[in-house]
Amino acid sequence: MAYQVTQSAIQRINHVTTRPIDRLPVEILVEIFSFAGSADDVHSLLLTSKKLYAAYIKNANRIAKAHIFRLLDPSDYKLAVMAIESRNVNPLDQTSLQRFFDDYIHHEEWGIKLFRMRTVSRLPELINAISYIVETLNESPGTRLKRDMGPTPGENARKTRAYYMQEVSLNLFNRMPGEEGHWILSTPNKDWMTKYWANFSPGEIAQAKLVRCFWYRWHLYDVQLCSEFRMHLPPLSSTMMTGSQLQAILYTQLCGIRIISHWVRPTRSGVLSVAKDWSQFTNQATREEIDSMCSSLHQQITDCVREAEQLGNPCFHQDPESISDEVWDMRDNEWNKYSDIDVFDNEGHMGGFSHRVIYDKSTVAKVRQLAAKVKELSV
């Protein structure tokens, strides 16, 4: 929601009698704005007097930054903001992509102008949706002991960043701008996609692949999909899939967080939204065309991600507790040697990577200790 002040609103401000708050220094007024409860509260406050309005206009970015840092960890805010701002990028416009990359996708500190109240107004919905998704999709496979322990805060933060990484990629390359932007079933800017993923380490890329190819594809398709959609689709199988299944798999991988959150907590309006999006997705081409595009797009995404992965670049987000960059390409026997938990490692796999890329170092140490105790008791 963009906040625009009309001429009539300014006229109303001009007629407000000077009050004690108007005599406060601008610095104090900025602090008041910064601690307002929400973006709506900020909007209401700036309309109460000329001085408040002037203070807001001059310091809007500073106020927005304060709100963003209150909603998000100041050391871990970039991907969430990018997930929102990338909605405004046109994947077919090289200039639009270049501007986004120049502004956001780098390791330097962002300029103050990149902190906007329109972002603040949209963040709560995104944060609530992703928090619910991470909680709902916690039942990922792992060692028996790991499942009993549950996810750590660090592991949940890693999952959240993985969803945001995937969300930004979808917005930049596979969906037109706006809330109702249509899908792009080709990848017109393959070099840009590779360039995007090259900003992440192999371990971070593996985390995003886990989101796209396991939680989105399998869990959401086979378990969480709303009833109206599921009526037309048989359960996934490792054998040959039907055309409708292939379409649905790609659909799950191209859905954003908003649609996924409707799936995991469907309401009446949420179900209707998913049905509408699914209809829009399937009606944009013939069955044969969509089948061909699904296969081509999947291969293009895979190639871009693999090329970026092989670069071995450093992390976008510093995460010293993560084991992902140590284990992302390990085979089972290598992982068993690394973890030393042997038969207790009953992990599920999908596409050659596993849920262990989400683990904390301390988690592996705890599971190793617990596994040793279990072995002792079983002797």
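Residues numbered from 1 in each chain as written. Predicted model: local features only at pLDDT ≥ 70, side-chain atom pairs only at ≥ 80, totals over all residues. Heavy atoms only, no water.

Helix-helix packing is characterised by the crossing angle of the two axes and by the distance between the axes. For the pair helix α3 (residues 39–46) and helix α4 (residues 50–71), interaxial distance at closest approach is 10 Å and the crossing angle is 165°. The angle between α3 and α4 places the two elements in the roughly antiparallel class. Where α3 crosses over α4, the handedness of that crossing is right-handed. Contact with α3, carried on its side by Val 42, Leu 45 and Leu 46, involves Leu 52, Tyr 53, Tyr 56 and His 67 of α4 and no other residues of that element. Of the residues assigned to the contact of α3 with α4, the class counts are 6 nonpolar, 1 polar and no charged. (Axes fitted to C-alpha atoms, helices over the stretch in contact; angles between N-to-C directions. Helix = DSSP H or I, 4+ residues; strand = E, 2+ residues; numbered from the N terminus. Parallel < 35°, antiparallel > 145°, perpendicular 65-115°, else oblique. Left-handed = near helix turned anticlockwise from the far one by under 90°. Contact = heavy atoms within 4.5 Å. Nonpolar A, V, L, I, M, F, W, Y, C, P; charged D, E, K, R; others polar.)

Think of it this way: side chains of opposite charge can pair up when their charged atoms draw near. Under the criterion given, the structure shown has 11 salt bridges. One salt bridge connects Glu 109 with Lys 65, and the closest N-O pair in it is separated by 3.9 Å. Here Glu 109, found in the loop between α6 (94–104) and α7 (117–136), pairs with Lys 65, found in helix α4; they are 44 residues apart in sequence, far enough to count as distant. Two residues, Arg 158 and Asp 319, come together in a salt bridge whose shortest N-O distance is 2.6 Å. Here Arg 158, found in helix α9 (residues 153–173), pairs with Asp 319, found in the loop between α16 (287–310) and α17 (324–327); they are 161 residues apart in sequence, far enough to count as distant. This pair shows no difference in class: Arg 158 is buried, exactly as Asp 319 is. Members of the salt-bridge network, linked through shared partners, are Asp 76, Arg 158, Arg 161, Asp 319 and Asp 360. (Salt bridge = Lys/Arg side-chain N within 4 Å of Asp/Glu carboxyl O. Buried < 20%, exposed > 50% of the residue type's maximum accessible area, 1.4 Å probe, protein only.)

The next thing to look at is the confidence of the model for the chain. For the chain, per-residue confidence averages 78 on the pLDDT scale, and residues scoring 70 or more make up 72% of the total. When the elements of the chain are averaged for pLDDT, strand β1 (residues 349–350) gives the smallest value, 34, and helix α5 (residues 78–85) the largest, 96. In the model, residues 223–228 has pLDDT below 50 throughout and makes 14 contacts with residues more than four positions away in sequence or in other chains. With pLDDT under 50 throughout, residues 343–353 is counted as low confidence; its partners more than four residues away or in other chains account for 34 contacts. (pLDDT = per-residue confidence, 0-100.)

When its volume is computed, the second largest pocket comes out at roughly 270 Å³. Taken together, 15 residues line the second largest pocket, and the ones lying closest to its centre are Leu 72, Ile 127, Ile 130, Thr 160 and Tyr 164. Looking at the lining of the second largest pocket, the elements with two or more residues in it are α7 and α9. (1 Å grid on protein atoms, 1.4 Å probe; cavity = no way out; pocket = protein on both sides within 12 Å on 5 of 7 lines; lining within 4 Å. Points joined across faces, edges and corners; volume = space filled by probe spheres on them.)

Once that is clear, we can look at empty space enclosed by the protein. Tallying each qualifying case throughout the model produces 4 cavities of 30 Å³ or more. What the largest cavity holds in volume is close to 50 Å³. As for the largest cavity, its lining consists of Gln 166, Ser 169, Leu 170, Asn 174, Met 193, Trp 197, Arg 212, Gln 253, Leu 254 and Ile 301. Secondary structure elements with two or more residues in the lining of the largest cavity: α9, α10 (190–197) and α13 (243–254). It is α9 that contributes the most residues to the lining of the largest cavity, 3 residues altogether. In terms of residue class, the lining of the largest cavity is made up of 5 nonpolar, 4 polar and 1 charged.

Running from N to C, α6 and α9 point in directions that differ by 150°, and their axes come no closer than 11 Å. Here α6 is positioned roughly antiparallel relative to α9, judged by the angle of their axes. Between α6 and α9, the residues in contact are Leu 97, Phe 100 and Phe 101 and Val 168, Leu 172 and Phe 173, respectively. Taken together, the residues of the contact of α6 with α9 break down into 6 nonpolar, no polar and no charged.

Note on placement: Met 117 falls in helix α7. Distance from Met 117 to Lys 65, taken between C-alpha atoms, is 8.4 Å for residues 52 residues apart in sequence.

Attention now goes to the nonpolar core. Membership of the largest hydrophobic core comes to 76 residues, with the highest contact counts inside it found for Phe 33, Met 82, Tyr 164, Leu 172, Tyr 196 and Trp 197. Ranked by residue count, the leading element in this core is α7, at 9 residues. Ile 323, Val 327, Tyr 359 and Val 364 belong to the second-largest nonpolar core, a separate cluster that totals 6 residues. (Core = buried A, V, L, I, M, F, W, Y, C linked by side-chain atoms within 4.5 Å.)

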